[in-house]
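# Fold and geometry: a report
Letter by letter, the chains look like this.
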Amino acid sequence: MIRIDCPVCGIRDESEFTYGGDATVVRPAMGEAALKPWIDYVFMRDNPRGAHREYWHHVVGCRQWLVLERDTLSHMVGTCSLARDAA
Amino acid sequence: MGGFRLSSGGRVDRSRRMDVRFDGRGLQAHPGDTLASALLASGEDIVARGFKYHRARGIYSAGVEEPNAYVHLRQGARHEPNARATTSEVFDGLCATSQNAWPDVRLDIGAVTGYLSPFLSAGFYYKTFVGPFKGTRFWMICESFIRKAAGMGRGIKVSDPDSYEKVNAFCDLLVVGAGASGLAAALTAGQAGADVILVEQDFELGGSLLSQPVGGVCDDWLAAVKSQLNDLPNVRILTRTTAFGAYEQDVYGLVEHVSDHLQAPENNQPRQRYWLVHTKQAVLVTGAIERPLVFANNDLPGVMLAGSIQSYANRFGVLAGQRIVLCSNNNSAYQVAVQLAHASADVTLVDARPDMPQDVADMLAKAGVTIMTGKAVIAAKGRRGVTGAMIVPVDKTGKATGVPVRVACDVIGVSGGWSPVVHLWSHRFGKPRFDEAAAAFVPGDIGGETVQCAGRMVAAQTLGERIDSGIGAAKATLNALELKPSGTSLPATPEIQLDTGWSQDMLAIWAITDATRMTKGKAFVDIQHDVKLSDLDQAYSEGYVSVEHLKRYTTTGMAPDQGKTSNIITLARVAELSGKTIPNTGTTTFRPPFTPVTIGALVGHEHGEHFAATRMSPIHDWHMKNGAVMSEAGAWMRPWYYPEGNESLREAYIREAAHVRKHVGIVDVSTLGKIAVQGPDAAEFLNRVYVNGWKTLQVGRLRYGVMLREDGFVMDDGATARLGEFDYFMSTTTANAAKVLALSEHLLQTAWRDLKVHVTSVTDQWAAFAVAGPKARDLLQSVLSGADISREAMPNNHFVTGEIAETKVRLHRMSYSGELAYEIYVPSGFSRHVWGCLIEAGKAFGLRPYGTEAMGALRIEKGHVAGPEIEGRTTLKDLGLAGFASSKKPFVGSVLKDRPVLVDPARATLVGLSVKGETGAVAGSLIYGAGQPKQGHGEGWVSSTTYSPALGHPIALALIQNGKARMGEDVQVVNHLENQTLMAQIVSPYFFDPKGERQNA
């Protein structure tokens, strides 16, 4: 049961969001024609124990995709930013 | 045994008697009683039967730790199994019955299983899988036998008539537990102005103070603190409320038993209310649970926790028996002995420690207590209840050093020290720390940023220490909340005689045995699950040396009481066997819930119709009024078919589909996903999400498009119209609307941040109807103004705007049915009006509504793919859609769609099946070559199936290996579930009008 501090809507309950997967993977450029970068992007994931960056979608709120820091061990959440602002 | 109500005392209202029954027998019960105190007051010694051996069981405790006294409560639809008698308040008309016994608890035939007990030892059931039984069905015989004999209450299969509620609450400070220290914490914080929620599982505030004699100094303190709390509007007090779980970010789950103390909820109140409390700080003051001492026959009715005998005497005015032997290894039994003696009991205190302080001995002697030191109870005597205690000299490990002597008694009170209730702390922070002095697990040193613990939970001993620790914990939270203590002091701490606590000079023994560490007779560790000392020893000797394995093998601590009295004894026994210390042996990892929670409370209103949201088209009322049979499509309700007279589904959809091909029909497609794609880069965006190109699409035109997932499989299809230079109107399938929008947003907000595009769901803003059939144009021309929809002016894939019944609409010309067809888009608020006008005007053209089943029949005849084909495992090539993919530009999935496994020529591809006979194929049937054995997964499967009104026989769409190369081949269509085999011929999936002459008409 976590609450997420959405940069647009403020602190909201977990139930308003959907989980969107690993936010550390970078989508290859549109023109990328090789198979491997796409396979890495779609299928290959680390399973870190501890700090992690994840996408969450404020699906029944502002509909913004967020990047949330979450500890996979303690389930504690850290800062939350708009995915569009993330580095 | 033989409990009885004392002539005075207790916190019950003796002026009123309540009608309370157990197994049909009336009990003596007053307001303020629990079912357990009423049972005890009425001399009901046997209240339950053991889980495995069906031994007679009596009331063991006075609280949530109770292992024995579980009953069926109420009758009919409100019947509740496994109700804990020790925490169930009595109410007028309460009707309880015993469980797991036949014919009843007093004479349980099942007790005969006692003679079969060698077969019920640790891991018995697991052993039926291996050794000489391996490969036999012996375990099945055993299972049926065990299932009948074992178990708890009986569930019912009728719906719960009551309602349950969910509430979110927010506060500065949550105080869990309203004993002395919790009250002190709540008052300290409340006086400082904190927004406090105080939670107590009991129906009265006071905790252990309620077990002190009525009218004593504690009552004055309690009354003063309660009155001060009641004067603070910033303190909310929830009684009958259990904090059952502690979660991340300081969220606590509570269940408020709003109406459980009543026969039925009153005044429209729910039965229970589930609270999710979001707090900034918490003070946990959940007290401690007394631990048993284990000895032979320690499950006999009459063996009870010492403190609970005190509770029954002082709080309920009930003496559990006249002759009481107390067996203790710590100081907390002194006070119990004196108070029970004052309450007219004949008390013998058997203390395992060799010495007793002289002042204590004098006080006990003065009260009339018989004292035995250096001794302990090694066995309880009696068949249906305690009639005596075998008392033996013991060494400091609890081993007998002499010959037992029988002392007649009817109650044996045990006290093996106390276990702090660390559950909630442990839910958050994991393993507790072992406190050697208190011989108990206490909260560790983490979590203090938001969680403080106090009172007996941190092994605070005297009342003064407990109150001070509550105040201290509250002050720590005030500091974190940046609030200042008020400076108002609490009422002076009352002085209680023999307020000793348990830890000082405690002799940490857990079981009383003979010199070889055995017992004569069953000695139970987990009384609720019938796990004995000897079971632990046996499991250990069989190699279950890790306590985690041993627990699961013996099932100790796994009953509904979750080992509240037994876990520490299990650890101690394993520690003894392994020669390790208790903390090195292991700890219990506590998980929510603290006590069982009714699923209904967690569900709240979200069941039945309200399990999930229902979405309805703006035309829904018309469908209902016109007899539509509805079907669910995700959250949507859609008209399935409109039966005429007694028509079946099959008769109705065949008629509806045939009517469309001959005349004209109208179908509500408002459920389609609709997404406004707007911005200067909208065309580029479409180019990236669809496999086909969009840069050439002109304003006023629309185009069919197909989308892939990132992994290269087909995700969705639909038409998109270009409304303006930077303004596109995308439609998706009903099922995938949310997925398409979320993926679009994700891409635009992450990888494609440079694109100037907005995507917005407009599904609810637009209703849509498809008008299809040879007479569609004639009908629409009769109602539409402001637009030319003639064949020449408006070919397929064009749209126009015009007016129908003075409402602005948009007409797309495109066909799903294969007939001359238009989709009419109308702003939702006007759609019912426009639909009505079309129906009215349509009468002259024979317009009939059709449902999703007929729509499906029409699209299968045309070989259009839909959900059953776009099911997440099919590629463009599989579905014959590869021609749509542009090779000139990259798009989502364009690289991964060419993975070797996805371009394997042997993949199943879309074909049509002309099914022989009148019985249609069942979707999901497997395909086998003619004459081939019907084994394995076959060469393909049927995806969609219908009777074709146009062709006059059943047809189907299927995916078959090398399908295209097998046109004309006969195959078997096998439904293994119903042993049905049909013959079919592989044909083109474009069954009807393959050249599209009708839709271009």
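Residues numbered from 1 in each chain as written. Chains lettered and ligands numbered in written order. Predicted model: local features only at pLDDT ≥ 70, side-chain atom pairs only at ≥ 80, totals over all residues. Heavy atoms only, no water.

## Quick look at the pairing of strand β2 (residues 18–22) of chain B
All names here are of chain B. What counts, and what does not: The classification of residues rests on relative accessible area computed with a 1.4 Å probe and restricted to protein chains. Under 20% of the type maximum is buried, over 50% is exposed, and intermediate values are partly exposed. Secondary structure is summarised from DSSP: a helix means a run of H or I of at least four residues, a strand means a run of E of at least two, and numbering begins at the N terminus for each. Any two strands with at least two DSSP bridges between them are considered paired.
Residues Met18, Val20 and Phe22 of β2 are buried on one face, while the alternating residues Asp19 and Arg21, pointing to the opposite face, are not. As paired strands, β2 and strand β3 (residues 25–29) are joined by 5 bridges and run antiparallel to one another. In the strand pairing of β3, valine 20 is matched with leucine 27. Between β2 and β3, which follow one another and run antiparallel, lie 2 residues, and aspartate 23 among them has a positive phi close to 50 degrees.

## A look at the pairing of strand β49 (residues 926–929) of chain B
Residues and elements named next belong to chain B. Note that β49 and strand β50 (residues 940–948) share 2 bridges and pair antiparallel. Paired with isoleucine 927 across the strands is glycine 940, a residue of β50. Two elements, β49 and strand β52 (residues 970–975), share 4 bridges in a ladder whose sense is antiparallel. Considered in β52, the bridge of isoleucine 927 is made with valine 973.

## Considerations on the sheet that holds strand β33 (residues 615–616) of chain B
All names here are of chain B. Reading across from one edge, β33-β35-β34 is the order of the 3 strands in this open sheet, with mixed pairing throughout. Looking along the sheet, the strands with just one partner apiece sit at the ends: β33 and β34 (629–633). As paired strands, β33 and strand β35 (residues 636–641) are joined by 2 bridges and run parallel to one another. Residue methionine 616 lies in a different strand from β35, and its bridge partner there is methionine 637.

## Here we look at the packing of helix α6 (residues 306–316) of chain B against helix α7 (residues 332–342) of chain B
Residue and element names in this part refer to chain B. So the rule is basically this: Fitted lines through C-alpha atoms give the axes, limited to the stretch in contact for helices. The angle between two N-to-C directions lies from 0 to 180 degrees. Note on convention: the crossing is left-handed when the near helix lies turned anticlockwise from the far helix by less than a right angle, right-handed when the turn is clockwise. Pairs of residues are marked as contacts when any of their non-hydrogen atoms sit within 4.5 Å. Each residue is assigned to one class: nonpolar for Ala, Val, Leu, Ile, Met, Phe, Trp, Tyr, Cys and Pro, charged for Asp, Glu, Lys and Arg, and polar for all the others, Gly among them.
Axis separation between α6 and α7 bottoms out at 9 Å; the angle between their running directions is 35 degrees. You can see that α6 and α7 cross each other, and the crossing is left-handed. Between α6 and α7, the contacting residues are Ala306, Gly307, Ile309, Gln310, Ala313 and Asn314 on the first element and Gln335, Val336, Gln339 and Leu340 on the second. Along the lines of polarity and charge, the residues of the contact of α6 with α7 split into 5 nonpolar, 5 polar and no charged.

## Overview of the pattern of salt bridges
All names here are of chain B. How we decide: Salt bridges are defined by distance alone: a side-chain nitrogen of Lys or Arg within 4 Å of a carboxyl oxygen of Asp or Glu.
On inspection of all chains with the given rule, the structure shows 49 salt bridges over all chains. The residue arginine 315 makes a salt bridge to aspartate 202 at a minimum N-O spacing of 2.6 Å. One end of the pair, arginine 315, is in helix α6; the other, aspartate 202, is in the loop between β12 (196–199) and α5 (217–230), with 113 residues separating them in the sequence. Residue arginine 573 pairs with glutamate 576 through a salt bridge whose shortest N-O separation is 3.9 Å. On the criterion of helical spacing, the pair formed by arginine 573 and glutamate 576 is a turn pair, its members being 3 residues apart in helix α13 (residues 567–578). Judged by its relative accessible area of 4%, arginine 573 falls in the buried class.

## Points about the sheet that holds strand β44 (residues 799–804) of chain B
Across a sheet, paired strands are connected by hydrogen bonds in the backbone, their directions being either parallel or antiparallel. All names here are of chain B. In space, the 7 strands of this open sheet follow the order β43-β44-β45-β46-β42-β36-β47, with mixed pairing throughout. Here the strands that pair on one side only, and so sit at the sheet edges, are β43 (784–785) and β47 (848–849). Judged from the 4 bridges that link them, strand β45 (residues 807–813) and strand β46 (residues 821–827) form a sheet pairing that is antiparallel. Along β46, the bridge assignment pairs arginine 813 with tyrosine 822. Helix α21 (residues 828–842) contacts β36 (665–668), β42 (766–772), β44, β45 and β46 of the sheet and is inclined by roughly 140 degrees relative to β46.

## Notes on the environment of A:Arg49
All names here are of chain A. Among the secondary structure elements, arginine 49 is positioned in the loop between α1 (35–43) and β4 (51–57). For arginine 49, a relative accessible area of 72% puts it in the exposed group. Apart from residues lying up to four places away in sequence, arginine 49 is in contact with Thr72 and Leu73.

## Some words on the state of the cysteines
Put plainly, two cysteines are in a disulfide when a covalent bond ties their sulfur atoms together. Residue and element names in this part refer to chain B. For the record, the criterion: Cysteine sulfurs are considered disulfide-paired once they come within 2.5 Å of each other.
Under the definition given, this model contains 0 disulfides over all chains. For the unlinked cysteine cysteine 327, the closest cysteine sulfur is that of cysteine 409, found at 11 Å. Taking relative accessible area as the criterion, cysteine 327 reaches 1% and is therefore assigned buried.

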